[in-house]
Amino acid sequence: DTSDSYVEVYAPREDYAGETANRKDRHTFGFSSVLEPSISQEAVFETVARPVCDSALEGFNATIFAYGQTGSGKTFTITGGAERYQDRGIIPRSISYIFTQAAKHAGELVTTVHISYLEIYNDAGYDLL
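Residues numbered from 1 in each chain as written. Predicted model: local features only at pLDDT ≥ 70, side-chain atom pairs only at ≥ 80, totals over all residues. Heavy atoms only, no water.

Notes on the overall build of the protein chain
Thought 1: A tally of helices and strands in the protein chain yields three helices and four strands.
Thought 2: Ordered by position from N to C terminus, the α and β elements of the protein chain give β-β-α-α-α-β-β.
Thought 3: Here the protein chain holds 129 residues, and 15% of them are scored as buried.
Thought 4: Expressed as a percentage of contacts within the protein chain between residues at least 6 apart in sequence, the contacts between residues at least 24 apart total 33%.
Thought 5: When the accessible area of the protein chain is evaluated, it comes to approximately 10,400 Å², of which 51% is carbon and sulfur surface. (Helix = DSSP H or I, 4+ residues; strand = E, 2+ residues; numbered from the N terminus. Buried < 20%, exposed > 50% of the residue type's maximum accessible area, 1.4 Å probe, protein only. Contact = heavy atoms within 4.5 Å. Areas by Shrake-Rupley, 256 points an atom, 1.4 Å probe, with all protein chains shown as cover.)

Printed below as a string of structure tokens:
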């Protein structure tokens, strides 16, 4: 159970002299799991994306958001590598999974899929499709 998993960051107010006086000096961020750097793309999909895809297939809106510093692996995790099939990322695996599941239930359900692929960089949004 990771319901109590969190990290607390302390940033003393004196480090922000001259800024807004009501700035918090403690920030708490919850998380559900930590993935090892050596994890496979398939395991990332199974852990992170498949449950989100299953929720989308049940009719819920679903979002996968990759956030991190430059060079931390966001693009590789989301899109994957081009050289090896097993390195495909969350997007190609999710699309394949969603359409496979939709095809399995084609006789009983009508499925409509809308996909967005957005980048936010330096406070500007970009549609990558």
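A word on the nonpolar core
Thought 1: In terms of nonpolar packing, the biggest core is built from eight residues, these being Val 44, Phe 45, Ala 49, Cys 53, Ile 78, Ile 90, Tyr 97 and Ile 98.
Thought 2: Put simply, the parts of the chain that give this core at least two residues each are helix 1 (41-57) and helix 3 (90-104).
Thought 3: Beyond its immediate chain neighbours, meaning those up to four positions away, Tyr 97 contacts Phe 45, Arg 50, Cys 53, Asp 54 and Leu 57. (Core = buried A, V, L, I, M, F, W, Y, C linked by side-chain atoms within 4.5 Å.)

Some thoughts on a nonpolar patch on the surface
Thought 1: On the surface, Val 7, Val 9, Phe 29, Phe 31 and Val 34 cluster together into a nonpolar patch covering about 440 Å² of accessible area.
Thought 2: Within the secondary structure, Phe 31 is located in the loop between strand 2 (26-30) and helix 1. (Patch = residues over 30% accessible without salt bridge, like charges linked within 9 Å, V, L, I, M, F, W, Y side chains within 5 Å. Salt bridge = Lys/Arg side-chain N within 4 Å of Asp/Glu carboxyl O.)

Describing the packing of helix 1 against helix 3
Thought 1: Contact geometry for helix 1 and helix 3: axes closest at 9 Å, N-to-C directions at 45°. Relative to helix 3, the element helix 1 lies oblique. Seen along the crossing, helix 1 lies across helix 3 with a hand that is right-handed. On helix 3, the residues that touch Gln 41, Glu 42, Val 44, Phe 45, Ala 49, Arg 50, Cys 53, Asp 54 and Leu 57 of helix 1 are Ile 90, Arg 93, Ser 94, Tyr 97, Ile 98 and Gln 101. (Axes fitted to C-alpha atoms, helices over the stretch in contact; angles between N-to-C directions. Parallel < 35°, antiparallel > 145°, perpendicular 65-115°, else oblique. Left-handed = near helix turned anticlockwise from the far one by under 90°.)

Side note on unusual backbone geometry
Thought 1: Backbone geometry places Asn 122, a non-glycine residue, at a positive phi of 50°.
Thought 2: Within the secondary structure, Asn 122 is located in the loop between strand 3 (118-121) and strand 4 (124-127).
Thought 3: Within the chain, Asp 123 stands out as a residue other than glycine whose phi angle is a positive 65°.
Thought 4: Residue class for Asp 123 comes out exposed when judged on its relative accessible area of 82%.

Topic: helix 1
Thought 1: At Ala 49, helix 1 shows its maximal kink, close to 45°; a proline, Pro 51, follows between one and four residues later.
Thought 2: By the burial criterion, the buried members of helix 1 are Gln 41, Val 44, Phe 45, Ala 49 and Cys 53.
Thought 3: Looking at the buried residues of helix 1, the elements they touch are helix 2 (74-79) and helix 3.
Thought 4: Gly 59 sits one or two positions beyond helix 1 and adopts a positive phi of about 105°. (Bend = angle between axes of the 7 residues up to and from the residue.)

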